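Now for the letters of each chain:
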Amino acid sequence: MAEKNEKLFDQFEPVSYETWRAKVETDLKGADFNKKLVWRTNEGFNVQPIYRLDDIKDLKTTNSLPGEFPYVRGTRTDNDWLTRQNIIAATPEEANKIALDVLNKGVTSLGFSVEEPDYKTVETLLKDITLSAVEINFITCPKKALALAEVLVKYLQDHNATDDFHGSIDFNPLRKALRHGAGNVCDSVVENAKKLLETVAPVKKLRCLSVDSVTLGNAGAYIYQELGYALAWGADWMTLLTDAGLSAEEVACRIKFNMCVSSNFFMEIAKFRAARMLWAQIVEQYKPKCSCAAKMVVNAETSKFNQTIYDAHVNLLRSQTETFSAAVAGVDSIVTTPFDTPYQTPDEFSERIARNQQFLLKEESHMDKVIDPAGGSYYVETLTVSIAKEAWKLFLATVDEGGFFKAVNAGTVQAAVNASCEKRHTDVARRKEILLGTNQYPNINEKAASKIVKKEGACGCGCSKEDNGGLLMKRAATDFEALRLATEAAAKRPKVFMLTIGNLAMRLARAQFSTNFFGCAGYEIIDNLGFDTVEQGVDAALEKGADVVVLCSSDDEYATLAPEAYKYLNGRAEFVVAGNPACTDELKAQGINDFVHVRCNVLEVLQDFNNRLLK
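Residues numbered from 1 in each chain as written. Predicted model: local features only at pLDDT ≥ 70, side-chain atom pairs only at ≥ 80, totals over all residues. Heavy atoms only, no water.

Caption draft 1: Structural view of a negative patch on the surface. Where like charges cluster on the molecular surface, the negative patch consists of Glu535, Asp539, Glu543 and Glu564. By residue number, the principal contributor to the negative patch is helix H20 (residues 534-543), which donates 3 residues. Inspection of the secondary structure puts Asp539 in helix H20. (Patch = residues over 30% accessible without salt bridge, like charges linked within 9 Å, V, L, I, M, F, W, Y side chains within 5 Å. Areas by Shrake-Rupley, 256 points an atom, 1.4 Å probe, with all protein chains shown as cover. Salt bridge = Lys/Arg side-chain N within 4 Å of Asp/Glu carboxyl O. Lys, Arg positive; Asp, Glu negative; His and termini not counted. Charge placed at Lys NZ, Arg CZ, Asp CG, Glu CD. Helix = DSSP H or I, 4+ residues; strand = E, 2+ residues; numbered from the N terminus.)

Okay, here's the thing in structure tokens:
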């Protein structure tokens with residue numbers, strides 16, 4: 001077999017797009033091709049059900065190799081990304097102990113939070129850590145970034161380690177304005193940034209100008225918004241500081257992008273590819289002397305926006321998909337958010353699992369051995385260009401309005417992202433965006449109140465928007481979780497009884513749908529095999545102490561069965577019809593007002609039932 005060079009695909013005749021399209025339209029039996037098979041993305045462009053070589057033959061993005069400008073295929077010639085863990089500890093001593101432990105378990109990048117940037121703190125944090133082998137990142141208050149830089153540089157000079165060190169200081173003067181509202185951007189940001197760059201000059205691999213679009217992603221921004229605003233943010237650093245007298249390479253080589261990763265697998269791969277390509281072209285306009293200045297350095301962090309408290313282990317599936325897409329996309333380092341983050345400070349177990357999610361991709365799937373495996377994919381290459389176009393439009397619009405800093409100061413960035421967040425919450429409420437285990441297929445018997453040991457505050461991932469216009473920062477699952485928690489806290493858990501009758505296939509399907517529907521509020525569900533009469537069904541429901549009786553049958557039978565059941569029930573429990581039959585108006589005229597079906601706003605319907613049922 002090894003000696004045979006037969007090309008198996010030569011045995012099949014080529015199929016043109018026109019032939020394929022004709023066959024599909026025949027199989028659709030008159031249904032609209034564009035409505036059934038073409039996906040309109042939140043990014044503002046259509047995704048086709050099939051892509052071919054013809055779709056990418058004119059794309060310039062396919063003309064470069066990994067490591068070549070404009071770096072769409074990666075800034076390196078390998079894909080060995082850094083596995084980063086952000087250390088959570090009460091003291092520097094504890095943080096150092098945890099850091100040394102996780103370094104022995106495969107972590108190659110550390111994130112330290114620093115509240116008091118003095119020499120002793122830095123010395124304690126870095127004790128016994130081989131700086132040449134580990135990336136070190138510091139997160140601190142923007143006002144303390146300069147002081148931290150001063151003590152870090154002194155420490156490195158004292159230990160002859162300025163050449164060994166590589167890492168970052170998260171200087172983000174927009175953090176407060178983004179989270180708490182407009183008008184908080186410091187007027188002296190350029191002056192402070194210049195001092196910071198002067199201070200870190202002896203440490204060549206220390207990046208300190210932050211572009212933190214993770215905040216935007218966790219606030220519910222769409223992919224094109226995160227990318228467009230991130231590029232505008234980075235461009236503002238370049239413009240402000242080159243105008244202040246610094247060279248392009250001095251600025252660009254100090255910028256670090258921290259970007260979010262959502263569960264939209266292929267779109268996220270395309271986003272990072274587009275990001276490198278667009279950033280390289282932006283930096284090129286400033287005419288840096290070294291080509292390395294045009295390389296984007298990206299730390300990717302899996303999303304908190306789509307994490308859930310109920311069925312929390314599904315968070316592992318989401319974050320694994322996200323980590324996978326970031327790895328395929330060729331980012332420089334990855335933070336996999338532990339699955340228990342929404343309801344407690346991650347513990348040793350969840351942090352170990354988060355690390356292992358990356359190790360799985362490296363050690364078992366060998367994703368670190370292949371650079372840009374998505375390169376050449378007709379789909380991904382087309383997505384890369386499509387996302388780049390939409391992000392570029394937003395970038396140009398932001399620049400035309402005075403730049404990202406000015407837009408944040410005016411509150412327009414926060415307003416735009418909050419609008420997207422609200423739209424996404426509406427989509428979750430209507431099940432257009434699915435959160436498995438929360439708004440679809442819930443574990444109805446799960447209890448979660450007892451495991452919540454932290455409250456989501458103003459800077460967390462589930463708080464309410466500040467009065468002065470900060471980012472909403474509200475996880476997609478929050479409203480559904482409030483329903484479940486209210487049910488748990490109630491004196492009596494509502495019972496929902498499925499009164500199944502008539503057409504076997506329809507009653508089973510609608511009982512399953514209704515079980516899933518009311519299960520999202522944590523109600524007790526009582527299903528049945530079926531009844532011969534509505535009287536039998538109603539009597540059985542009342543015997544079980546049902547608070548809600550859901551009639552499950554076929555549309556044709558509802559005209560007769562629904563009025564019968566409603567009249568016999570006589571207000572002894574809430575009455576619901578499963579479906580949206582043609583006779584809905586006639587049923588409403590008889591006093592039947594509750595219907596559950598695929599077009600419902602699930603959240604609003606369940607909130608209404610909670611108001612009626614919970615005591």
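Caption draft 2: Quick look at the sheet that holds strand E9 (residues 298-302). A barrel is described by the order of its strands in space; here 8 strands give the closed sequence E3-E4-E5-E6-E7-E8-E9-E10, paired in parallel fashion. Mean inter-strand twist for the sheet, computed between neighbouring axes without regard to direction, equals 30 degrees. With 4 bridges joining them, strand E7 (residues 206-212) and strand E8 (residues 255-261) adopt parallel strand pairing. Residue pairing across strands places Ser210 opposite Lys256, the latter belonging to E8. Taken strand by strand, helix H14 (residues 348-364) contacts strand E3 (82-87) and strand E10 (333-335), and its axis lies near 175 degrees from that of E3. (Pairing = 2+ DSSP bridges. Axes fitted to C-alpha atoms, helices over the stretch in contact; angles between N-to-C directions. Contact = heavy atoms within 4.5 Å.)

Caption draft 3: Structural view of the sheet that holds strand E11 (residues 495-500). The parallel open sheet is built from 5 strands, whose spatial order is E12-E11-E13-E14-E15. Edge positions in the sheet fall to strand E12 (524-526) and strand E15 (595-596), since each of these pairs with one other strand and no more. Where strand E14 (residues 574-578) meets E15, 2 bridges bridge the pair, whose relative direction is parallel. When the sheet's bridge partners are listed, Ala578 is paired in E15 with Val596. Its contacts with the sheet place helix H19 (residues 504-519) against E11, E12, strand E13 (548-552), E14 and E15, and it is angled at close to 150 degrees to E13. Packing of H20 onto the sheet brings it into contact with E11 and E13, and relative to E11 it is tilted by some 165 degrees.

Caption draft 4: Quick peek at the packing of helix H8 (residues 189-200) against helix H10 (residues 223-243). In the contact formed by H8 and H10, the axes pass within 10 Å of each other and the chain directions differ by 85 degrees. One finds that H8 runs roughly perpendicular with respect to H10. Contacts between H8 and H10 involve Val189, Val190, Ala193, Lys194 and Leu197 from the first element and Trp237, Leu240 and Leu241 from the second. A class-by-class count of the residues in the contact of H8 with H10 yields 7 nonpolar, no polar and 1 charged. (Parallel < 35°, antiparallel > 145°, perpendicular 65-115°, else oblique. Nonpolar A, V, L, I, M, F, W, Y, C, P; charged D, E, K, R; others polar.)

Caption draft 5: Just the nonpolar core, in detail. Counting residues in hydrophobic clusters, the biggest one holds 114 residues, and the most contacted among them are Leu110, Phe112, Ile136, Phe138 and Trp237. Per element, the largest residue contribution to this core is 13 residues, and it comes from helix H12 (residues 265-284). Discounting residues that sit within four places of it in the chain, Ile136 has contacts with Leu110, Phe112, Leu126, Ile129, Leu131, Phe165, His166, Gly167 and Ser168. Grouped together as the second largest cluster of nonpolar side chains are 57 residues, Val428, Phe517, Val576 and Cys600 included. (Core = buried A, V, L, I, M, F, W, Y, C linked by side-chain atoms within 4.5 Å. Buried < 20%, exposed > 50% of the residue type's maximum accessible area, 1.4 Å probe, protein only.)

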